[in-house]
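# A structural walkthrough
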Amino acid sequence: VQLQASGGGLVQPGGSLRLSCAASGSTSGIKAVGWFRQAPGKQREFVAGITWSGSTSYTSDSVKGRFTVSRDAAERTVFLQMSSLQPEDTAVYYCASDHGYFVRFHTTPQAYLYWGQGTQVTVSS
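Residues numbered from 1 in each chain as written. Predicted model: local features only at pLDDT ≥ 70, side-chain atom pairs only at ≥ 80, totals over all residues. Heavy atoms only, no water.

## A look at the state of the cysteines
Summed over all chains, the structure comprises one disulfide. Put simply, cysteine 21 and cysteine 95 are joined by a disulfide, and their sulfur atoms are 2.1 Å apart. Its torsion about the S-S bond being 75 degrees, the disulfide of cysteine 21 and cysteine 95 is classed as right-handed. Residue cysteine 21 is located in strand 3 (residues 17–24), and its partner cysteine 95 is located in strand 9 (residues 91–98); the two are separated by 74 residues in the primary sequence. (Disulfide = S-S within 2.5 Å. Helix = DSSP H or I, 4+ residues; strand = E, 2+ residues; numbered from the N terminus.)

## Focus on the environment of glycine 25
Assignment of secondary structure puts glycine 25 in the loop between strand 3 and strand 4 (32–38). Every residue in contact with glycine 25, bar those within four places of it in the chain, is listed here: Gln2 and Arg76. (Contact = heavy atoms within 4.5 Å.)

## Some points on the side chain of threonine 119
Within the secondary structure, threonine 119 is located in strand 11 (residues 119–123). Given a relative accessible area of 9%, threonine 119 falls into the buried group. A distance of 3.0 Å separates the side chain of threonine 119 from the backbone nitrogen of glycine 8, its partner in a polar contact. Excluding its chain neighbours within four sequence positions, the residues that come into contact with threonine 119 are Ala5, Ser6, Gly7, Gly8, Leu19, Ala91, Val92 and Tyr93. (Buried < 20%, exposed > 50% of the residue type's maximum accessible area, 1.4 Å probe, protein only. Polar contact = N/O pair within 3.5 Å; in protein donor to acceptor, adjacent residues only side chain to side chain.)

## What about the pairing of strand 9?
The two faces of the sheet receive side chains in turn, since in a regular strand these alternate between them. Burial within strand 9 is extensive, with seven of its eight residues counted as buried. The sheet contact formed by strand 4 and strand 9 spans seven bridges and is antiparallel. Among the inter-strand pairings, glycine 34 is bridged to a residue of strand 9, identified as alanine 96. Here strand 9 pairs with strand 11 via three bridges, running antiparallel. The residue of strand 11 that forms the bridge with alanine 91 is valine 121. (Pairing = 2+ DSSP bridges.)

## What to know about the nonpolar core
Among the nonpolar cores identified, the biggest contains 28 residues, and Trp35, Val78, Leu80, Met82 and Tyr93 are the most heavily contacted of them. Broken down by secondary-structure element, the contributors of at least two residues to this core are strand 1 (2–6), strand 3, strand 4, strand 5 (45–51), strand 7 (67–72), strand 8 (77–82), strand 9 and strand 11. Among the elements that line this core, the one with the most residues is strand 3, at four residues. Counting residues in hydrophobic clusters, the runner-up holds six residues, among them Ala32, Phe46, Ala96 and Tyr112. (Core = buried A, V, L, I, M, F, W, Y, C linked by side-chain atoms within 4.5 Å.)

By themselves, these are just geometric observations and shouldn't be taken as functional.
Here it is, written out as structure tokens:
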């Protein structure tokens, strides 16, 4: 499985961005895709996830109401729509695939098998 994250950039506070995570290769084993972010000097933080079927999604309390995760099944792409961005959202954003039996969304990076390369999101005026 290869994951390609894209869509990051520089945005002013209050602005929006949409990140994409395109999956390729043998994707049949993917059970869920998670979005993480990592700011300089901080641990990698889980922000959102969606099952590969698209039936269930989750956003963390830190981004709830501002971020939305969705999936385009035909394109095998997962999106993270981010709005009302604030400087504290500045980080490198990663997508990752979970291939384990799905019961709930895993929030620790160790549960994810494949990772995209990350895309930088900078929120600044």
